[in-house]
Amino acid sequence: MIHVRPLHPLFVGEVSGVDTTRDLSVADIAEIGAAIAQYAVLVFRDQRIDDEQQLAFSRCFGELEYTGGTGISKPGEQRLHPAFADVSNLDVGGNLLARDNRRRLYSLGNMLWHSDSSFKAVPANYSILSGRVVVDKGGETEFADMRAAYDSFEADTKAEIENLVCEHSLIYSRETLGFGDLTEAEKATMRPVRQALVRTHPVSGRKSVYLASHIGRIEGWPVPEARAFVRDLTEIATQPEFVYRHVWQPFDLVMWDNRCTMHRARRYDSGTIRDMRRTTVAGDAPTAMA
Amino acid sequence: MLIQPIQPGFVGLVTDVDICQPLTARQVAQIEGGMDSFAVLAFPNQPVTDEQQVAFSANFGELEIPLAAQMMAPEKRRFQKLELGDISNFDGKNTDKLRDRDDSRRMYALANRLWHSDASFRAVGAGYTLLHSRVNPTKGGNTEFADMRAAYDALDSKTKALVDDMIVGHSIVYSREQIGFEVKGDGNPDNLKPVKHRLVVTHPVTGRKSLYLSSHIGEIEGWLIPEARAFLRDLTEHATQPQFVYSHKWEVNDMVMWDNRTVMHRATRFDDLNERRDLRRTSLKGVGLGIDSVPVRQAAE
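Each chain has its residues counted from 1, running along the sequence as written. Whichever chain is written first becomes A and whichever ligand is written first becomes 1, with later ones labelled in order. Confidence filtering applies because this is a predicted model: local features only for residues at pLDDT of at least 70, side-chain atom pairs given and counted only at 80 or more, and all residues used for totals across whole chains, interfaces and linings. For side-chain calculations, the full set of non-hydrogen atoms in the structure is used, while hydrogens and water are omitted.

To continue, consider the overall build of chain B. Secondary structure elements follow DSSP: runs of H or I of four or more residues count as helices, runs of E of two or more count as strands, with numbering from the N terminus. The helix and strand tally for chain B stands at nine helices and 17 strands. Rg of the C-alpha trace for chain B: 19 Å, near the compact-globule value of 19 Å for 301 residues, within the 12% margin. Here the C-alpha coordinates of chain B stretch approximately 50 × 45 × 35 Å along the principal axes. Taking all 301 residues of chain B together, the buried fraction comes to 55%. Any two residues having at least one pair of non-hydrogen atoms within 4.5 Å are treated as being in contact. Sequence-distant contacts, at least 24 apart, represent 80% of the contacts inside chain B between residues at least 6 apart. Entry remark: accessible area of chain B is about 12,500 Å², with carbon and sulfur atoms responsible for 52%. Each charge class in chain B was averaged separately, 37 positive and 41 negative side chains, and the resulting centres sit 2 Å apart. All radius of gyration figures rest on C-alpha atoms, and the globule criterion is 2.2 Å times the number of residues raised to 0.38. Remark: exposure states derive from per-residue accessible area (1.4 Å probe, protein chains only) relative to the maximum for the residue type, with buried under 20%, exposed over 50%, and partly exposed in between. Here the accessible surface of atoms and residues is derived via Shrake-Rupley with a 1.4 Å probe, and residues count as covered only by protein chains that are part of the display. The charged-residue count follows a simple rule in which Lys and Arg add positive charge and Asp and Glu add negative charge, with His and chain termini not counted at all. By convention, the charge on Lys lies at NZ, on Arg at CZ, on Asp at CG and on Glu at CD.

Residues and elements named next belong to chain B. For strand β7 (residues 126–135), the buried fraction is high: eight of the ten residues fall into the buried class. Each pair of strands is called paired provided DSSP finds at least two bridges between the two strands. When β7 meets strand β17 (residues 278–285), the two strands line up antiparallel, connected through seven bridges. Across the sheet, the residue bridging to L131 is R281, located in β17.

What follows deals with the side chain of A:R266. Along the chain, A:R266 falls in the loop between β14 (261–265) and β15 (275–282). For A:R266, a relative accessible area of 14% translates into the label buried. Once you skip the residues sitting within four places of it in the chain, A:R266 turns out to touch A:G139, A:E140, A:E142, A:R245 and B:D234.

Here the focus is the interface of chain A and chain B. With 31 residues of chain A at the contact, the number on the chain B side is 27 residues. Both faces combined, the contact of chain A with chain B buries some 2,600 Å², and carbon together with sulfur accounts for 48% of it. Any Lys or Arg side-chain nitrogen found within 4 Å of a carboxyl oxygen on Asp or Glu counts as a salt bridge. Viewed at the interface, chain B and chain A are joined by eleven salt bridges. Across the pair A:E225 and B:R106 runs a salt bridge whose closest N-O atoms are separated by 2.9 Å. Between N or O atoms, a polar contact is any pair within 3.5 Å; within protein, one atom must be a potential hydrogen donor and the other a potential acceptor, and residues adjacent in sequence are included only when both atoms are from side chains. Taken together, chain A and chain B are joined by twelve residue pairs in polar contact (both at pLDDT 80 or more). Of all the secondary structure elements, the ones that give two or more residues to the side of chain A that touches chain B are α3 (102–107), α5 (155–161), α6 (170–176) and α8 (223–237) of chain A. The biggest single contributor to the side of chain A that touches chain B is α8(A), with nine residues. As a working definition, buried area equals the accessible area (1.4 Å probe) given up by two parts on being put together, with both sides summed.

Let's shift gears to the sheet that holds β7(B). Residues and elements named next belong to chain B. If you trace the seven strands from one edge of the open sheet to the other, you get β1-β2-β3-β15-β7-β17-β4, paired in mixed fashion. Of all the strands in the sheet, the pair left with one neighbour each is β1 (2–7) and β4 (85–88). In this sheet, adjacent strand axes meet at a mean angle of 25° when their direction is disregarded. As paired elements, strand β2 (residues 11–15) and strand β3 (residues 40–43) share three bridges and run parallel to each other. Pairing of V11 across the sheet is with V40, part of β3. Each axis is a line fitted through C-alpha atoms, and for a helix only the stretch in contact is used; angles between axes span 0 to 180 degrees, taken between their N-to-C directions. Running at roughly 25° to β17, helix α2 (residues 50–57) makes contact with β3, β7, β15 (255–259) and β17 of the sheet.

Turning next to α2(B). Residue and element names in this part refer to chain B. Residues of α2 that are buried: D50, Q53, V54, F56 and S57. Looking straight down α2, one finds that the buried residues subtend no more than 165° of arc, so they occupy a single side. Elements that come into contact with the buried residues of α2 comprise α1 (25–38), β3, β7, β15 and β17. What the arc measures is the spread of directions leading from the helix axis to the C-beta atoms.

We now examine helix α2 (residues 51–59) of chain A. All names here are of chain A. Those residues of α2 that fall on the buried side of the exposure criterion are D51, Q54, L55, F57 and S58. The buried residues of α2 occupy one face: seen down the axis, they fall within an arc of 165°. Where the residues of α2 are buried, they touch α1 (26–39), β3 (41–44), β4 (84–86), β5 (124–133), β13 (253–257) and β15. Regarding α2, its N-cap is D50, as a side-chain oxygen of that residue lies 3.2 Å from the backbone nitrogen of E52 further along.

Quick look at unusual backbone geometry now. All names here are of chain A. Although it is not a glycine, A40 sits at a positive phi angle of roughly 70°. Checked against the element boundaries, A40 lands in the loop between α1 and β3. Residue A40 is classed as buried on the basis of its relative accessible area, which comes to 0%. At D46, a residue that is not glycine, the phi angle is positive and equals roughly 50°. You can see D46 is positioned in the loop between β3 and α2. Classification of D46 as partly exposed rests on a relative accessible area of 48%.

Below, the discussion takes up the nonpolar core. Residues and elements named next belong to chain A. Here, nonpolar core means buried Ala, Val, Leu, Ile, Met, Phe, Trp, Tyr and Cys residues that are tied together by side-chain atoms lying within 4.5 Å of each other. Counting 25 residues, the largest nonpolar core has M146, I161, L197, V209, L211 and I218 as its most contacted members. Secondary-structure elements contributing two or more residues to this core are α4 (146–152), β11 (215–218) and α8. Here the element with the most residues in this core is α8; it accounts for five residues. The contact partners of V209, leaving out residues within four places of it in the chain, are M146, A149, Y150, F153, I161 and L197.

What follows is about the pairing of β2(B). Residues and elements named next belong to chain B. Two elements, β1 and β2, share five bridges in a ladder whose sense is antiparallel. Pairing of I3 across the sheet is with V14, part of β2. Linking β1 to β2, which pair antiparallel, is a turn of three residues; within it G9 sits at a positive phi near 75°. With respect to chirality, the unit in which β2 leads through α1 into the neighbouring parallel β3 is right-handed. The handedness rule is simple: strands pointing away from the viewer, and a clockwise path from the first strand over the helix to the second, make the crossover right-handed.

All right, on to the packing of aromatic side chains then. Note on ring pairs: Phe, Tyr and Trp rings are taken, using the six-membered ring of Trp, and paired if centres are within 6.5 Å. Classes follow the plane angle, with under 30 degrees stacked, over 60 edge-to-face and the rest tilted. Enumeration according to the criterion identifies 13 aromatic pairs over all chains in this entry. Consider the rings of A:F61 and A:Y126, whose centres lie 6.3 Å apart with planes at 80°: the pair is edge-to-face. Taken together, the residues A:F61 in the loop between α2 and β4 and A:Y126 in strand β5 connect sequence positions 65 residues apart. A:Y126 matches A:F61 in its accessibility class, with the two residues each being buried. Put simply, the rings of A:F44, A:F57, A:F61 and A:Y126 touch in pairs and so form one group of aromatic residues. Stacked on the ring of B:W223, the Lys or Arg A:R99 has its end atom at 5.6 Å from the ring centre. We call a charge positioned over a ring when the NZ of a Lys or the CZ of an Arg lies within 6 Å of the ring centre and within 35 degrees of the ring normal. Looking at A:R174, its charged tip hangs above the ring of A:Y106, at a distance of 4.3 Å from the centre.

Honestly, that's just the spatial picture; any functional story needs more than this.
The structure is reproduced here in C-alpha cells:
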C-alpha cells in the first residue's frame, strides 16, 4: 500500500511505501497510476536506482520514448542508454561540458517552461527523472499545474482557446534563447507538429492548457499575435500559486504527467556536476484532430 | 497641486492642477519632485489638445521623435507632428477604420505587450514618457508599470554584484524578434544596430539604483547569447513580480507620466480588431542614460 503526502495545495504528492528499484506489484502500479492522475507530480525520496532499474520502473507505465533523433547529440556522443534523456552537464567521458559547449547551450532551453516531447507528433505522457548527482545551490525543477491554470482562466479565455491548435518545435524554444546553431539535418527532425491547446485528461477528466516554450505558432493566427498571446497565457499559468519548486536531494525520483504540467530547470553553477537521468513514457495518440 | 500615493513610493495621483495651461516654474518643480519620489504620476481629467500635450511635455526636457514615426512613410503617419506618437489601432489618418489583423504596424505594436523601457534601443533612451488617453476599449488595454528601483533593491547581494557592472546591448530588432516579427527598418542600419547601456543605472537626481531592463535587450557583453537571454528572462521575471507592478486602467483624459530610467511598462491585450483605443505619446530624451553613463573606468577599457 503506498502512502501519498501532498507537498502543495493544488498538486504534487510525496510517495512512501514503495521501492522503485524492485519489481512492482500490479497493485503498486495501479496505486501509483491513480496517484499521478490526481497529483500530476509524484516525488519518491531516497531511491538508489540504477539505469536498468529505472527502465524497468518506467516500463510499468507504458512504452518508452527513445530520445535519439530529436535532440542534437550524435549516437557516439551519448553517455546513456538511448531510452534516456541525459539531463546532465557531462560529456560521454564524464567530464563537465565547457561553458560554450553546443549541447550545453542547447540544453539551456530547459530553463524555459515546457512540457516534454510536446514537439513530437505523439507527445509524452510521463517523465521520470532521477537525481543521481544533485547540486547544492540552484538547479531546482519547478512544476506548474496546467489544470489549475486552465480552471483559473476567465470564461471568455476558455471559449477562445477551446479549439485552438498550436505548432510546437524545438526550433522555436531554442530560437527564444537565440540558439540558432542547428544543421539542416537537425532542423528536418524538428519540423513543427500540431497540438491542441486544451486537453482533457483521460483518467481524471480534468481539462488543462497544453502550453510549452516549444510553441511558435497558433494555426490561423499571425505569428506575432500568437506569440504575444502564448506569453500572456504562460504568465497566468505559471503564477506562484500554481507552481511547486522541487529542491533536489540525492536519489530523488520525480515522476510527472506532461499532459497536465509544465516544468523548467533553474539556474545553477555550470562548474559543478549535475547528473540527472530521465526516462519518458510515450503518449497514446496525437492531441489535435487532423 | 496635490500629489497623493496610489501605490506608495511608486505611483502618485496628481490633482488640483490644470496642465492644459502653461505651468509656473514652481509647478514644474513640484511635478519633477513628484516624479523623483514616485516614478509614475497620473493626472486624471486633463482634456489636453495635442499642442497642449507637447507644450506640457516640453517643461521637462527635450522632446524626442519616436523611431516608429521616423521609420514610417509620411503618408502612413497619422500625425505630421513627429513628436507625437500614435498609440492607437487606427489605420493611419483614417480613424474610422481599424488596422487589419496582419497589418505590419499592428505586428510592430504588438511588441508593446512585452515589458520595456521606451527608446532603450537608442544611444540616449527616453527619460519621461507622457501618455494621454482619448478612447478606451471596454475591456483590457491597460498599461502596467513595474518599479525597477524596488526590483533592484530586492535582488540578493550576489546578483547585485553580478549585474552592477554589466553592459547589455539593446535593439528594436531584439524585442520584435521575440514575437517573431522581423523589423525591416527604413534603410538606415543605425536604427537597428544594438546600442550599449549599463544594466544598472543610478538616477541622476535621487541617486537610487535601478535595473535598466527592457525587452529590447538581446545580449550581455562577454556572455554567450543563450546564457544571456536565459539570465535576462529570469531577471525580468523577478523584476515584474506583482509587488513591483501597478496596472493603470485608463479613463478618457487621463495623462500618465513615467520615468523610463526607473520604470518598465507594457500594454495589456484588448480586442483591437473590434474595439478602438487611442492614446497620444510624447517622450523626452533621458538624462543620465546612454553610454555617457558608463563610468570612466569602464569606458577607458
